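Here's the letter readout for the chains.
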Number of protein chains: 2
Amino acid sequence: MAEKKENIARLIVVLPMFMGALMKGSNFETAVQLNSSEARSLIYIYKHEGGTMSEYSKRVGLARGSFTAVADSLEEKGLVARVSASDDRRKCALMLTGSGKKIAREIDLQFKRHLAARLESLSGEDLSSLEKSLKVIAAISEKL
Amino acid sequence: MAEKKENIARLIVVLPMFMGALMKGSNFETAVQLNSSEARSLIYIYKHEGGTMSEYSKRVGLARGSFTAVADSLEEKGLVARVSASDDRRKCALMLTGSGKKIAREIDLQFKRHLAARLESLSGEDLSSLEKSLKVIAAISEKL
DNA sequence: ATCTAAATGTTAGAATTCTAATCATTGTGC
DNA sequence: GCACAATGATTAGAATTCTAACATTTAGAT
């Protein structure tokens, strides 16, 4: 039990490098120029529309305050709109505009292509175990 | 094959949240105050002493230029020393000082404790599969 | 040998992100 | 109903990180 946790502690630290290796050189070419946080946020909003600021900041891995800036930028660029949530006047929900959806689809496609290229060197077996491992982590992440 | 990669692309985006959930609230209490990059770097250097700046920057997930600042800070705080590598005069290797080793051990211990607390809510089964998944990712990360 | 290209580490300035304080709204206990 | 804590979002300033350009050294080609 304790040993498992120690191993996990030891292994956790490779994730930044893993992310770095996968994301490296992913410059999205879209009509509107977005940085990586904006792109990530846009995709997440696209797939889970209508969430609140706090929700998104957690999912995207940013501090709440930081996500405000990202949302501002996406709004200025005409990709999302803040909508007041009816049930709680503190909250605001984010909705995509038409062009927001369009750009999100573009980025999504480009990201898939980018990743496919990055994973080129892996065998089919590696891909399967990577897929399975990520599923496990995603599931566990929900429980934390 | 293509579907596996698409799944991986879809799942990859949960990693920032996963990292955020695990690291949240990990304030190390040591004689010398370190930010999270410095702490992470110090531990990595502790476990792989004598590497070069570029190596470490890659492992820790920082741009080379950013790691220079981290190394500067660690050096100013008396925890590491830049040593010129004999084989290539461009390179410099990082070595820990005595107090660097001491602090590294402290942080390592505190990090383990922090993570153990964070993983409290998981079952033994979850811990096992998480451990296994991270091993897979670490191995695959080496191949990228 | 010499020229060119690549790799290593650094620097400066811009961009991004964090932290802590704040405002507005909601929930709780009395 | 009223004080008071808790939550959602924002803000400003500080801290962190990135990008692009640079100097130095090495490797490769001719």
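Refer to the preceding data block for the structure.
Residues numbered from 1 in each chain as written. Chains lettered and ligands numbered in written order. Predicted model: local features only at pLDDT ≥ 70, side-chain atom pairs only at ≥ 80, totals over all residues. Heavy atoms only, no water.

## Side note on the overall build of chain A
A count of helices and strands for chain A gives 7 helices and 2 strands. Walking chain A from its N terminus toward its C terminus, one meets helices and strands in the order α-α-α-α-α-β-β-α-α. For chain A, the C-alpha atoms occupy an extent of roughly 45 × 35 × 20 Å along the three principal directions. Taking all 144 residues of chain A together, the buried fraction comes to 44%. By element, 50% of the accessible surface of chain A is carried by carbon and sulfur atoms, the whole surface being about 7,600 Å². (Helix = DSSP H or I, 4+ residues; strand = E, 2+ residues; numbered from the N terminus. Buried < 20%, exposed > 50% of the residue type's maximum accessible area, 1.4 Å probe, protein only. Areas by Shrake-Rupley, 256 points an atom, 1.4 Å probe, with all protein chains shown as cover.)

## Brief notes about the interface of chain B and chain A
With 53 residues of chain B at the interface, the matching set in chain A holds 53 residues. For the pair chain B and chain A, the summed buried area comes to about 5,300 Å², and 78% of that belongs to carbon and sulfur atoms. Sorting the residues of chain B by area buried against chain A places K5(B), M17(B) and L144(B) first, and these three jointly supply 12% of that buried surface. Across the chain B-chain A interface, the total number found is 6 salt bridges. (Contact = heavy atoms within 4.5 Å. Buried area = accessible area lost by both parts, 1.4 Å probe. Salt bridge = Lys/Arg side-chain N within 4 Å of Asp/Glu carboxyl O.)

## Let's talk about helix α3 (residues 36-47) of chain A
Residues and elements named next belong to chain A. The first and last C-alpha atoms of α3 sit 17 Å apart over 12 residues, in line with the 16 Å expected at 1.5 Å per residue. Along α3, the residues classified as buried are S37, E38, A39, S41, L42, I43, Y44 and I45. As for α3, its buried residues are in contact with α4 (53-60), α5 (64-76), β1 (80-84), β2 (92-96) and α6 (98-118). Capping the start of α3, N35 holds a side-chain oxygen 3.1 Å from the backbone nitrogen of S37, two or three residues further along. (Expected span 1.5 Å × (residues − 1). Polar contact = N/O pair within 3.5 Å; in protein donor to acceptor, adjacent residues only side chain to side chain.)

## Remarks on the protein's contact with DNA strand C
Within the structure, DNA strand C sits among 18 residues, and N35(A), S37(A), S54(B), R82(B) and R90(B) are positioned closest to it. Atoms of DNA strand C within 4 Å of the protein: sugar and phosphate make up 67%, bases the balance. Side-chain polar atom of S37(A) to a phosphate oxygen of DNA strand C: 2.4 Å apart, as the coordinates give it. With respect to DNA strand C, the side chain of T68(B) contributes an N or O atom lying 3.2 Å from a phosphate oxygen. Looking at the surface near DNA strand C, the elements that each hand over two or more residues are α4 (53-60) and α5 (64-76) of chain B. Looking at the surface near DNA strand C element by element, the count peaks at 3 residues for α5(B). Residues that form the surface near DNA strand C fall into these classes: 4 nonpolar, 7 polar and 7 charged. (Near = heavy atom within 4 Å. Nonpolar A, V, L, I, M, F, W, Y, C, P; charged D, E, K, R; others polar.)

## Thoughts on a positive patch on the surface
There is a patch of like positive charges on the surface, built from K24(A), R118(A), K58(B) and R64(B). Among the structural elements, R118(A) can be located in helix α6. (Patch = residues over 30% accessible without salt bridge, like charges linked within 9 Å, V, L, I, M, F, W, Y side chains within 5 Å. Lys, Arg positive; Asp, Glu negative; His and termini not counted. Charge placed at Lys NZ, Arg CZ, Asp CG, Glu CD.)

## So, the packing of aromatic side chains
When we look at a pair of aromatic rings, we describe it by the centre distance and by the angle of the planes. Residues and elements named next belong to chain A. Counted according to the given criterion, the structure contains 4 aromatic pairs over all chains. Summarising the aromatic geometry, the rings of Y44 and Y56 are spaced 6.0 Å apart at their centres and angled 80 degrees between planes, so their arrangement reads as edge-to-face. With a gap of 12 residues between them, Y44 in helix α3 and Y56 in helix α4 connect regions that are remote in the sequence. For Y44, a relative accessible area of 18% corresponds to the buried category. Ring centres of Y56 and F67 lie 6.0 Å apart, and the angle between their planes is 35 degrees; this geometry places the pair in the tilted category. You can see Y56 sitting in helix α4 and its partner F67 sitting in helix α5, a full 11 residues away along the chain. An aromatic cluster of at least three residues, connected via ring pairs, comprises Y44, Y56 and F67. (Phe/Tyr/Trp six-rings, centres within 6.5 Å; stacked < 30°, edge-to-face > 60°.)

## Here's the deal with the relation of the copies chain B and chain A
Taken as rigid bodies, chain B and chain A are interconverted by a rotation of 180 degrees and an axial shift of 0.0 Å, the fit giving an RMSD of 0.1 Å. Taken together, these values place the two copies in the relation of a two-fold axis. Residue S133(B), judged by its C-alpha, is the member of chain B lying nearest the rotation axis, at 2.2 Å. Mapped onto chain A, 100% of the interface residues of chain B again fall at the interface, so both copies present the same surface. (Least-squares fit on C-alpha atoms with pLDDT ≥ 70 in both.)

## Focus on the nonpolar core
In this structure, I12(A), L42(A), L130(A), I12(B), L42(B) and L130(B) are the most contacted members of the largest nonpolar core, which totals 82 residues. Excluding anything up to four places from it in sequence, L130(A) contacts F18(A), L119(A), L122(A), I8(B), V136(B), I137(B) and I140(B). (Core = buried A, V, L, I, M, F, W, Y, C linked by side-chain atoms within 4.5 Å.)

## Brief notes about the protein's contact with DNA strand D
Neighbouring residues of DNA strand D: 18 residues in total, closest S54(A), R82(A), R90(A), N35(B) and S37(B). Atoms of DNA strand D within 4 Å of the protein belong to the sugar or the phosphate in 71% of instances, the rest to bases. Between DNA strand D and the protein, one listed contact pairs a phosphate oxygen with a backbone N or O atom of R89(B) at 3.0 Å. Contacts to DNA strand D include R90(B), whose side-chain N or O atom sits 3.1 Å from a base oxygen. Elements with a contribution of two residues or more to the surface near DNA strand D: α4 and α5 of chain A. Broken down by element, the surface near DNA strand D gets its largest block of residues, 3 residues, from α5(A). Its residues placed into classes, the surface near DNA strand D shows 4 nonpolar, 7 polar and 7 charged.

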